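An overview of the molecular structure
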Amino acid sequence: MVRSSYKHRADPSASTGGRSRNLPLMLCALAIGGVVIGVLMRGLRFDDPFITYRFAHNLAQGAGFVFNPGAAENALITTAPLYALLLALPAALGLDVPAASYALGVGGLIATAGALCLMGWRRGADALGFIAGLTFLIFPLAWLTVGFETLLFMALATWAFACTDARRPALAGVLAGLGMGLRGDGAIVVGIAGLFAL
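Residues numbered from 1 in each chain as written. Predicted model: local features only at pLDDT ≥ 70, side-chain atom pairs only at ≥ 80, totals over all residues. Heavy atoms only, no water.

So, the pattern of salt bridges
The test is simple: By convention in these notes, a salt bridge is any Lys or Arg side-chain nitrogen within 4 Å of a carboxyl oxygen on Asp or Glu. Under the scheme used here, helices are H or I runs from DSSP no shorter than 4 residues and strands are E runs no shorter than 2 residues, and both carry numbers assigned from the N terminus.
Applying the stated criterion to the full structure yields 4 salt bridges. For the salt bridge of Asp165 with Arg122, the shortest nitrogen-to-oxygen distance reads 3.5 Å. Within this pair, whereas Asp165 is found in helix H8 (residues 150-165), its partner Arg122 is found in helix H5 (residues 97-122), the two being separated by 43 residues in sequence. The partner of Arg123 in a salt bridge is Asp165, with the nearest N and O atoms 2.8 Å apart. Separated by 42 residues along the polypeptide, Arg123 in the loop between H5 and helix H6 (126-137) and Asp165 in helix H8 bring together distant segments of the chain.

Here it is, written out as structure tokens:
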């Protein structure tokens, strides 16, 4: 009985037509807001991610997945190896790696806000979902992690939870697994999503 009630609340098809029209509007508003803030703050840079950027640059140049090419010892000192591999693609294309990482961070912010909005909408709480997404989008400390792997990880984590909420465990598992590749503590997301999928 509880499971049946849950499915009814989480099923968008049970929503009113007005609510169905609200979702794309809310997502567009969050996306536009995120892009505008991202453009205004595009000069934001921090030095710590440059360790990961160097791994990406060296890999793109054919020097290997190392920090110092040709060194006798090369430890894997980046905490985000999958992110370094991802950034190797724009590096290989000749793009500015810090700028590409900044764009990924802004995209992660917008995607996380969208996932929060979607989860509220699925519960019939359109306004609360939108407020949650907007609050995250304008949260100052979130913007202090732009350029790191953190925001892309948060996007994967929140979308994994959104997929779990939508009863799509396979997709949730893929997203959570990718998140674990970005950050080791993503294993927590895998565990939580797995428990809710049971």
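Considering the packing of aromatic side chains
We apply this condition: In this analysis, rings of Phe, Tyr and Trp, with Trp reduced to its six-membered ring, are considered paired at centre separations within 6.5 Å, and the interplanar angle assigns stacked below 30 degrees, edge-to-face beyond 60, and tilted for intermediate values. Three exposure classes are used, based on accessible area relative to the maximum for each residue type with a 1.4 Å probe and protein chains only: buried under 20%, partly exposed in between, and exposed over 50%. In this scheme, Lys NZ or Arg CZ marks a charge over a ring once it lies within 6 Å of the ring centre and within 35 degrees of the ring normal.
Summed over the entire model, instances satisfying the criterion amount to 2 aromatic pairs. Ring centres 4.8 Å apart and planes at 70° place the aromatic pair Phe50 and Tyr53 in the edge-to-face group. Taken together, the residues Phe50 and Tyr53, both in helix H3 (residues 50-60) and 3 residues apart, mark about one turn of the helix. For Phe50, a relative accessible area of 40% puts it in the partly exposed group. Over the face of the ring belonging to Phe153 we find Arg183, whose NZ or CZ atom lies 6.0 Å from the ring centre.

Quick word on the packing of helix H4 (residues 81-92) against helix H9 (residues 169-182)
Quick note on the threshold: Geometry is summarised by axes, namely lines fitted to C-alpha atoms with helices restricted to the contacting stretch, and by angles between N-to-C directions that run from 0 to 180 degrees. Should an angle fall under 35 degrees it is taken as roughly parallel, and over 145 as roughly antiparallel, whereas 65 to 115 is taken as roughly perpendicular and any remaining angle as oblique. Two residues qualify as a contact provided that any one of their heavy atoms is within 4.5 Å of a heavy atom in the partner residue. Note that Gly is not counted as nonpolar here; it falls among the polar residues with everything else outside the nonpolar set of Ala, Val, Leu, Ile, Met, Phe, Trp, Tyr, Cys and Pro and the charged set of Asp, Glu, Lys and Arg.
Packing of H4 against H9 brings their axes to within 5 Å, and their N-to-C directions diverge by 95°. It follows that H4 is roughly perpendicular to H9 by the angle criterion. Contact residues: Pro81, Leu82 and Tyr83 in H4; Leu178, Gly181 and Leu182 in H9. In terms of residue class, the contact of H4 with H9 is built from 5 nonpolar, 1 polar and no charged.

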